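Inside the fold
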Amino acid sequence: MTERLTKAEIIAELHAVLTEGGWIPSLTSADGPGPLPRKACGLSNVATALAEHSRAGSLPPAAALQLRRAAQAAADALEADRLGNESAVYGMLGAALAYVVQARGVVHVLETPA
């Protein structure tokens, strides 16, 4: 059986796509908030950065929708963490990661020549 990612690993994956060289800041470099500093690795920073990048005009609308959903799932994970509901935290983090993967898929399809 395959081991599932830990909470910390999911947050690290989300953080990685938002830092310098990550696909999200690369895509939104013209009008986005810029990359997330490598040291700003907390879930609160990730949720805020996802929301800010989702509003970049250079982002394809379908990808922006997925990033908005990812940001909301990350914010919900923060709330669940505050309430001590670890199961909900893990579920929301998984949802946030899935939305980010879907957004990347949308961008990849749009970038692929016909």
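Scroll up a little and you will see the structure.
All of these numbers come straight from a predicted model, not from anything done at the bench.

Attention now goes to the side chain of T19. Take T19: it is sitting in the loop between α1 (7-16) and α2 (23-27). There is a polar contact of 3.1 Å between the side chain of T19 and the side chain of R38. Setting aside residues up to four positions removed in sequence, T19 forms contacts with P25, P35, L36, P37 and R38.

Glancing now at the pattern of salt bridges. Under the counting rule described, the total for this entry stands at four salt bridges. A salt bridge links E79 to R82; its shortest N-O distance comes to 2.6 Å. With E79 and R82 both in helix α4 (residues 61-82) and three residues apart, the pair spans about one turn of that helix. In this structure E79 comes out as partly exposed when scored by relative accessible area, which is 36%.

Before going further, it helps to spend a moment on the packing of α4 against helix α5 (residues 86-111). Between two packed helices, the angle of one axis relative to the other and the distance separating the axes together describe the packing. Where α4 meets α5, the axes come as close as 8 Å, and the angle between the chain directions of the two elements is 165 degrees. Classed by the angle they form, the pair α4 and α5 counts as roughly antiparallel. Read as a crossing pair, α4 and α5 show a hand that is left-handed. For the contact of α4 with α5, the residue count by class is 19 nonpolar, two polar and four charged.

With that settled, the discussion passes to the nonpolar core. One finds L14, L18, L50, L93 and V100 to be the most contacted residues of the largest nonpolar core, which totals 31 residues. For this core, the secondary structure elements donating two or more residues are α1, α2, α3 (43-54), α4 and α5. Among the elements that make up this core, the one with the highest residue count is α4 (nine residues). If sequence neighbours within four positions are ignored, L50 has contacts with L18, I24, L67, A70, A71, A74 and V100.

Tallied over the full model, the rule gives zero aromatic pairs. The aromatic ring of Y90 is capped on one face by R4, whose charged end is 3.9 Å from the ring centroid.

Another point: α1. Every buried residue of α1 is listed here: I10, I11, L14 and H15. The arc that holds every buried residue of α1, seen down its axis, measures 140 degrees, which confines them to one face. Where α1 is buried, its residues contact α3 and α5.

Rules of the game
Residues numbered from 1 in each chain as written. Predicted model: local features only at pLDDT ≥ 70, side-chain atom pairs only at ≥ 80, totals over all residues. Heavy atoms only, no water. Helix = DSSP H or I, 4+ residues; strand = E, 2+ residues; numbered from the N terminus. Polar contact = N/O pair within 3.5 Å; in protein donor to acceptor, adjacent residues only side chain to side chain. Contact = heavy atoms within 4.5 Å. Salt bridge = Lys/Arg side-chain N within 4 Å of Asp/Glu carboxyl O. Buried < 20%, exposed > 50% of the residue type's maximum accessible area, 1.4 Å probe, protein only. Axes fitted to C-alpha atoms, helices over the stretch in contact; angles between N-to-C directions. Parallel < 35°, antiparallel > 145°, perpendicular 65-115°, else oblique. Left-handed = near helix turned anticlockwise from the far one by under 90°. Nonpolar A, V, L, I, M, F, W, Y, C, P; charged D, E, K, R; others polar. Core = buried A, V, L, I, M, F, W, Y, C linked by side-chain atoms within 4.5 Å. Phe/Tyr/Trp six-rings, centres within 6.5 Å; stacked < 30°, edge-to-face > 60°. Lys NZ or Arg CZ within 6 Å of the ring centre and 35° of its normal. Arc of directions from axis to C-beta.

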